[in-house]
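Chain and residue survey
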Amino acid sequence: MNRCSPPRIAEALLERVLPVDLKEPLLGDLEEEFQQIQFNQSKQACQIWYWRQALLTSFHYFNQTQKALIMFAFSVLFFAALTIFAMELSGGTSMFFDVPSLIITLPPALVFTLAVTSPGNVKQAFSCLFSGHVESLKQVKNSVMVFDVLGTSCLWLGALMTLLGWVAMGSSIEEVAVIGPAFAVSVLTLMYAMGIKLVCYVASQRIIYLGQGLSPHPD
């Protein structure tokens, strides 16, 4: 009988969620039991069993090991909810959504961030933010720099693109009917940039807080 391995995605989920001291023994026990039940059950049934165990175990430990991720996600969602509420009070949310305005700020800012730091530093910064764990002052410094560059680049790109929009409007000032909508779209670019800058600021401050136990001067 050809035995199969546990689902890789389920294993990765457990590796992400389990506490460090329990990761190896729990994964080992699950894999051993997974191999044993293959004698009596089909491959599909074994896969379903492993996924069930992985989800139940992850749910049990998620709040214990992922509190940083939960709190950061909650703060971002709370900020988004307040923003949408303000949009509704202003006359509806549809006028505040413009995909091109977001595209000309966030992707270029991410490219600038990768150029100034490195892909490894960017990955490490988001890992520190979501895991709530930093190991060294160098890690703190590099991670904070990632979010500072990302947020500041977004802000400057938003300001630049807004100015470009105003210049374009100025060249067609005689067409009064299009000035209002064009002005609104140009300001949306700056609004998106300021929102991203705010989230990046919160992220960098979160990482600085996590590093306080490493040194009296984390930044």
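Rules and cut-offs
Within every chain, residues take consecutive numbers counted from 1 along the sequence as written. Totals for whole chains, interfaces and linings use every residue, but because this is a predicted model, local features are given only for residues with pLDDT of at least 70 and side-chain atom pairs only at 80 or more, for both listing and counting. With hydrogens and water excluded, all non-hydrogen atoms of the structure serve as input to the side-chain values. Numbered from the N terminus, helices here are DSSP runs of H or I no shorter than four residues, and strands are runs of E no shorter than two. To sort residues, take the accessible area from a 1.4 Å probe on protein chains only and compare it with the maximum for the residue type: under 20% means buried, over 50% means exposed, and anything in between is partly exposed. When checking whether two residues touch, look at their non-hydrogen atoms; a contact exists if any pair is within 4.5 Å. Accessible areas in this description were obtained via Shrake-Rupley with a 1.4 Å probe; residue shielding takes into account the shown protein chains only. Note that the arc is computed from the directions linking the helix axis to the C-beta atoms. Comment: axis = line fitted to C-alpha atoms, over the contacting stretch for helices; angle = value between 0 and 180 degrees taken between N-to-C directions. Throughout, the term roughly parallel applies to angles under 35 degrees, roughly antiparallel to angles over 145, roughly perpendicular to angles from 65 to 115, and oblique to all others. In this scheme, a crossing is called left-handed if the near helix is turned counterclockwise away from the far one by less than a right angle; it is called right-handed if the turn is clockwise. Gly falls in the polar group here, along with every residue not listed as nonpolar (Ala, Val, Leu, Ile, Met, Phe, Trp, Tyr, Cys, Pro) or charged (Asp, Glu, Lys, Arg). Geometry of aromatic contacts follows a simple scheme: Phe, Tyr and Trp rings, the Trp one being its six-membered ring, pair when their centres are within 6.5 Å, and the pair is stacked under 30 degrees between planes, edge-to-face over 60, tilted otherwise. Only residues whose relative accessible area exceeds 30% and that form no salt bridge are eligible for patches; like-charged ones are grouped when within 9 Å, while nonpolar side chains (Val, Leu, Ile, Met, Phe, Trp, Tyr) are grouped when within 5 Å. Salt bridge, as applied in this entry: a Lys or Arg side-chain nitrogen positioned within 4 Å of an Asp or Glu carboxyl oxygen. Disulfides are defined as pairs of cysteine sulfur atoms found within 2.5 Å of each other. Working definition of a nonpolar core: buried Ala, Val, Leu, Ile, Met, Phe, Trp, Tyr and Cys residues. They are joined through side-chain atoms within 4.5 Å. What qualifies as a polar contact is a pair of N or O atoms within 3.5 Å, subject to a donor-acceptor requirement within protein and to the restriction that residues adjacent in sequence count only when both atoms come from side chains.

**Notes on the overall build of the protein chain**
Counting its secondary structure elements, the protein chain contains nine helices and zero strands. Along the protein chain, from the amino end to the carboxyl end, the secondary structure elements read α-α-α-α-α-α-α-α-α. Looking at the protein chain as a whole, 33% of its 219 residues qualify as buried. Taking contacts inside the protein chain between residues at least 6 apart in sequence as the whole, the part at least 24 apart equals 73%. Accessible area of the protein chain: about 13700 Å², with a carbon and sulfur share of 68%.

**Overview of helix 1 (residues 8–17)**
Residues of helix 1 that are buried include every one of Ala10, Glu11, Leu14 and Val17, and no others. Each buried residue of helix 1 lies within a common arc of 135° when the element is viewed along its axis, so the set occupies one face. The exposed residues of helix 1 that point more than 90 degrees off its buried face are Arg8 and Ile9.

**Things to note about the packing of helix 6 (residues 106–116) against helix 8 (residues 137–171)**
Helix-helix packing is characterised by the crossing angle of the two axes and by the distance between the axes. At a closest axis distance of 8 Å, the pairing of helix 6 and helix 8 adopts a crossing angle of 140°. Of the possible angle classes, the one that applies to helix 6 and helix 8 is oblique. Classified by chirality, the crossing of helix 8 by helix 6 is right-handed. Of the residues in helix 8, those in contact with Leu106, Pro108, Ala109, Leu110, Phe112, Thr113 and Val116 of helix 6 are Met145, Val146, Val149, Leu150, Ser153, Cys154 and Leu157. Here the contact of helix 6 with helix 8 is built from residues that sort into twelve nonpolar, two polar and no charged.

**Focus on the packing of aromatic side chains**
Tallying each qualifying case throughout the model produces three aromatic pairs. Judged by centre distance (5.5 Å) and plane angle (85°), the ring pair of Phe34 and Tyr50 falls under edge-to-face. Here Phe34 is found in helix 2 (residues 20–37), whereas its partner Tyr50 is found in helix 3 (residues 43–65), with 16 residues between them in sequence. Of the two residues, Phe34 and Tyr50, neither departs from the other in class, the shared state being buried.

**Considerations on a nonpolar patch on the surface**
On the surface, Phe62, Ile70, Met71, Phe74, Phe78 and Leu82 cluster together into a nonpolar patch covering about 590 Å² of accessible area. The biggest single contributor to the nonpolar patch is helix 4 (residues 67–89), with five residues.

**Overview of the pattern of salt bridges**
Summed over the entire model, instances satisfying the criterion amount to two salt bridges. Across the pair Glu11 and Arg8 runs a salt bridge, and its minimum N-O distance is 3.3 Å. Linking Glu11 with Arg8, this pair stays in helix 1, spanning three residues, or about one helical turn. Across the pair Arg8 and Glu15 runs a salt bridge whose closest N-O atoms are separated by 3.5 Å.

**Section: the state of the cysteines**
What we call a disulfide is simply a covalent bond connecting the sulfur atoms of a pair of cysteines. Under the definition given, this model contains zero disulfides. Free cysteine: Cys4, not disulfide-bonded; nearest cysteine sulfur from Cys46 at 6.0 Å. Residue Cys4 is classed as buried on the basis of its relative accessible area of 13%.

**Let's talk about the nonpolar core**
Among the nonpolar cores identified, the biggest contains 20 residues, and Val134, Phe147 and Ile207 are the most heavily contacted of them. At the level of secondary structure, the elements contributing two or more residues to this core comprise helix 7 (119–131), helix 8 and helix 9 (176–210). If you tally residues by element for this core, the top one is helix 8, at seven residues. The contacts of Phe147, once residues within four sequence positions are left out, are Ala125, Phe126, Leu129, Cys200, Ala203, Ser204 and Ile207. With 14 residues, the next largest nonpolar core counts Cys4, Ala10, Phe34 and Cys46 among its residues.

**A look at the side chain of Thr162**
Looking at where Thr162 falls in the secondary structure, it is placed in helix 8. A distance of 3.5 Å separates a polar side-chain atom of Thr162 from the backbone nitrogen of Leu190. The residues touching Thr162, leaving out its near neighbours within four places in the chain, are Ser186, Thr189 and Leu190.

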